[in-house]
Amino acid sequence: MARTSIASSRSAKVSRRNVLVGAAAAGGGLALGFHVPALEAAVPSQRPIAAAKGAEVNAWVVIGNDETVTIRVARTEMGQGSLTGLAQLVAEELNCDWKKVRTEYPTPGQSLARQRVWKDFSTGGSRGIRGSHDYVREGGAAAREMLIQAAAQQWGAKPGECVAAGGIITHKPSGRTVTYGKVAAAAAKLEPPKSVKLKDPKDWTIAGKPLKRLDTADKLTGKQVYGVDVKLPGMVSAAIKDAPIFGSEIKSYDEAKIKAMPGVRRLVRVNATTVAVVADTWWQAKKALDALPIQYEDSPHAKESSATIAARLKEGLEPEAKNVFVGNKNGDALAAIAGAAKKVEAVYSTPFLHHATMEPMNCTALYTPEKCEVWSPTQNGEGSLAAAAEASGLPLNKCEVYKMPPGGGFGRRGRQDYVTQAVAIAKQMPGTPVKLIWSREEDTQHGYYRPITRCRLAAGLDDKGALVGLHVRLSGQSIVAYQQPAALQNGMDSRMFQGMWAEPGEAQIGYSVPNLLIEHAMRNTHVPVGPWRGVNTNQNAVYLECFMDEVAKAAGKDPLEFRRALMAKYPKHLGILNTVAEKAGWGKPLPQGVFRGIAQHMGYGSYSAAVAEVSVNRGRVKVHRMVLGVDCGHAVNPDQIAAQVEGSVAFGLGAALYQEITVKDGRVVESNFDNYEIMRLEAFPKIETVVAPSGDFWGGVGEPTICVASPSVLNAIHAAIGKPVRSLPLKNVDLRSA
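Counting starts from 1 at the beginning of each chain's written sequence and moves along it residue by residue. Under the rules for a predicted model, residues below a pLDDT of 70 receive no local features and side-chain atom pairs below 80 are neither given nor counted, while totals for whole chains, interfaces and linings still include all residues. Working from all heavy atoms in the structure, the side-chain values ignore hydrogens and water.

Draft legend 1. Quick peek at the sheet that holds strand β14 (residues 324-330). Here, strands pair whenever DSSP counts at least two bridges between them. Only DSSP runs of H or I covering at least 4 residues are called helices, and only runs of E covering at least 2 are called strands; the numbering of each starts at the N terminus. Here 5 strands make up an open sheet; going across it, the order is β14-β22-β21-β20-β15 and the pairing mixed. The sheet is open, and its two borders are formed by β14 and β15 (342-350), each paired with just one other strand. Here the average twist between neighbouring strands, direction ignored, is 10 degrees. Two strands pair when backbone bridges link them, and β15 and strand β20 (residues 453-461) are joined in this way by 9 bridges, in the antiparallel orientation. Within β20, the residue paired with V344 across the bridge is A459. Note on definitions: a residue-residue contact is assigned when non-hydrogen atoms from the two residues lie within 4.5 Å. For helices, the fitted line uses only the C-alpha atoms of the stretch in contact; every axis is such a line through C-alpha atoms, and the angle between N-to-C directions lies from 0 to 180 degrees. The strands touched by helix α9 (residues 306-316) are β20, β21 (467-476) and β22 (516-522); relative to β21, the strand with the most contacts, the crossing angle is about 145 degrees. On the sheet, helix α15 (residues 536-555) packs against β15, β20 and β21 and is oriented at approximately 150 degrees with respect to β15.

So, in C-alpha cells, the structure goes:
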C-alpha cells in the first residue's frame, strides 16, 4: 500500500450521570499512590497509575531516575494510533528524548479523585487528538517549564537563561547541563505555571513526524494483554445469553438441567432478559448455557422482519409522511425542481450493520461490599466507572476501572452493557473475580447496530445542465432517539444530517445549491442502534455522492467538473477533491474494462475525497486501485493517518460489498463470520493516500475517509455497467451491464 504524505477530592459529590456526560473542571496535584491488588502480575503491560517509577512533574509526565519519560494518556488506544499521537504532542512541548518515552493509562477513578485532571476519557467521534490536543500540549509545556525552573534554582540562575532540548537542560551563559531525571523530583515540588505558550506547529520536531507507533511491538510479539486475556487469582468465567428478540423477558428456565455439568459454579439471573452461567472455564460455562432450557414471554416484536422494517422506512419517503424534520433549507427546492427543464429522481437504501470487533465484548469484575473493580476494554473509562457504580450500588469513589486495550471498538465499546452485566454477576459472588465473555453469536446478535436508512433524492436541472434544486428526504432510525432521547432538538436528531449540515466546522455539505431542502422522517424500530465508525456520514455520503453522479450524467457533464462548479464557496472541500483527482490521474486513459469513480464529503471536522478504479466482469466486482485523501488541518503523525485511511477502506468496502444485519421473527439472523463476512486480503485494492493538512484547524482521522470509500467504488461501478447502484450490500445486487 503506497502512502503519500503532503506535506481536595470531590468524587463522592459527582453523580454517575455527570461522569457519563463529562463536564467538570481540571485540576492538578501530586500522585495519590494507588494500589491495585494482583494487577501488575496479571497484566504487566497495563500498569495502574502508581506504577510509573519516578517523580510526577505533573499529571501528564512522570520522569524516572533512568531518564524514562512516562506520558499518561486518558484516551483509549484501539488501533487508531491516538496513544502515539497524544504522546508525541506531550513530548513535543516537553522537549524530551522520544526514545525514552513510554505511556500508561490513568484510571477514571483517580482522575475523578483529582478533579478530572485528565479530563475526557471517552474515545469516539474521531476526537482522541482533536478533542484533547490543547490541554495535553499544555501539560507537556508546563512540565518543561517546571523542569527548567528547578534546574535554574539548582544553579542559582534565571529560568530565562536556560533552554531544554532532548531531555537536557542547558544554562546558556555557562554551558552547564543537567538531565531531566536529575531535577524531576525538585520540579515536582514547584507550583505549575499559570499559563504556557505552545509551539507553532511549523516548529514541531516530534509531533508532525511519521514516528513508529509505541504499541506495535507488544502487539506483534503477543505481549499485549487485551481485556479477554485478563487473569486474576481465583477467577471464574461467565457466559451470557440475552433474549433472542430484543426486549423479550425470560419466563422460566430449568436450572436442574445444568447443575451437575462439569465446572458449573452457579446460574445467575442478570436481569429481566438475560441469564448467565458461571463456571471454572468459559467453555464449561458456554456448554452449560447452551444446554439450559429457557422460555421467554411473548413479544410484540415477534412478527418484525426486514420486510416490515423496510415498509416502515418506505412510508417515511412519501410526500404525506408525518414526523419529518428539516435539517438544511434554503430557497424553494420543491418549486425549483417542479419547474426545472430536467428532473432526476432516485431512492437509495443501506442496511443495519454490526461492528464485528475481533475481540467480542468482555469484562472482568471483582465485587466486595467495600469496593468494585473492573477490568474493561472500553472506549469510555468514565462511562464504565458510572456503569460499575450503578450496577454495584456503591458510590463512585468506591469503584475503579482499569482500561484494557480493546481488540477493536468502532463505537461499540462506548456502550456499557457488558460492564453492567459483569458487575451484576460478580455482585452475586462477592470476593470472586468474574470474567464475562460474550460468544461470537451473542456479540453478533445483540449489538447496537448502525441504523438502517432509506433516502429519496430529487434534483432539477436547467436547460444548460446547471443544478437549480435539490431535495433529500432521509427515512430511518435515530441513534439519539434510542440512546439519548432527551438530547433530541424539538424531536429532531441533527446527527441524521451529518455531512449535509449548513454550519461549517464539523460535517458541512460541500455544494452550493440555490434551492435546497434536506429532511429526515424519523422511523424507529425495535432493533437497538448506536454509533458505528463514521455513523451517519457513511450513509449520507453514499446517498449524496452517488446521486451527484446520476445528476452529472443527466446533465451530460463529467462528474468531477460537475462537482467543481458547485464548490467554489467551499475551498477546503474542493482542495482535497482536486488533490485526490490529480493524484489519481482523473481523465487519463485506463486499461480496457477499468472505470473510475469519485466522491468527496466532510465529517468529524475533516475533508475527504476518494477515487476508485474498478472493473466488473460477469457481475463480479474487482476494486483495483483507490486514491484517498484527507485534510485534517494538523497532521500529528502522517504515517498513522495514512494507516487509518487504509483501515477505513477495509471497513467501508467490507460494508459495501458484503455486510448487512437482517431481521426475521423479531430477531437478528446473522450469527458469526460465516454469514457476516468481512473484507479479505485478496479483495483488497492497491491504496494510495494523500495526507494534505492545510494547518489552520484540528480535524479527526479515524472515521472521515470511510464515508468516501463506498461511494467512489459505487460510482465507478455505475460508470462500468451503465446503471447506478442504489442499495447495499453489493452481494444482493445484479451488477451485470445494462
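Draft legend 2. Representation of the nonpolar core. L467, L470, F547, F562, M626, L628 and I717 are the most contacted members of the largest nonpolar core, which has 91 residues in total. Dropping the residues within four chain positions of it, I717 is found in contact with V614, V616, V621, G722, K723, V725, L730 and L735. Residue types Ala, Val, Leu, Ile, Met, Phe, Trp, Tyr and Cys, when buried and joined through side-chain atoms within 4.5 Å, form a set referred to as a nonpolar core. Think of it in three bands: residues with accessible area under 20% of the maximum for their type are buried, residues over 50% are exposed, and the middle band is partly exposed, with areas taken using a 1.4 Å probe on protein chains only. If you look at the next biggest cluster of nonpolar residues, it comprises 51 residues, including V90, W118, F121 and A157.

Draft legend 3. Region of interest: the confidence of the model for the protein. Of all residues in the protein, 93% attain a pLDDT of 70 or more, and the chain-wide mean is 93. With pLDDT under 50 throughout, residues 1-17 is counted as low confidence; its partners more than four residues away or in other chains account for 45 contacts. The model gives residues 19-50 a pLDDT under 50, and that stretch makes 78 contacts with residues more than four places away or in other chains. Per-residue confidence from the predictor is given as pLDDT, running between 0 and 100.

Draft legend 4. Layout of the sheet that holds strand β8 (residues 177-179). Across the sheet, 3 strands lie side by side as β6-β7-β8; this open sheet has antiparallel pairing. Edge strands, defined here as strands with exactly one partner in the open sheet, are β6 (162-165) and β8. Neighbouring strand axes in the sheet, compared pairwise and without regard to direction, differ in orientation by 20 degrees on average. Sheet topology note: the β6/strand β7 (residues 168-171) ladder contains 4 bridges and is antiparallel. Directly across from C162, in β7, lies its bridge partner H171. Contacts from helix α5 (residues 133-155) reach β6, β7 and β8, with the element oriented near 45 degrees to β7. Strands in contact with helix α6 (residues 180-188) are β6, β7 and β8; relative to β8, the strand with the most contacts, it is inclined by about 75 degrees.

Draft legend 5. Representation of the pairing of strand β4 (residues 69-72) within the structure. Burial along β4 is two-sided: V69 and I71 facing one way and T70 and R72 facing the other are all buried. Bridge count for strand β3 (residues 61-63) against β4 is 3 bridges, and the pairing is antiparallel. Across the sheet, V61 pairs through a bridge with I71, a residue of β4. Where β3 hands over to β4, the hairpin turn is made up of 5 residues, of which E67 adopts a positive phi near 75 degrees. Judged from the 4 bridges that link them, β4 and strand β5 (residues 101-104) form a sheet pairing that is parallel. In the sheet register, V69 faces β5, and the bridge partner there is V101.

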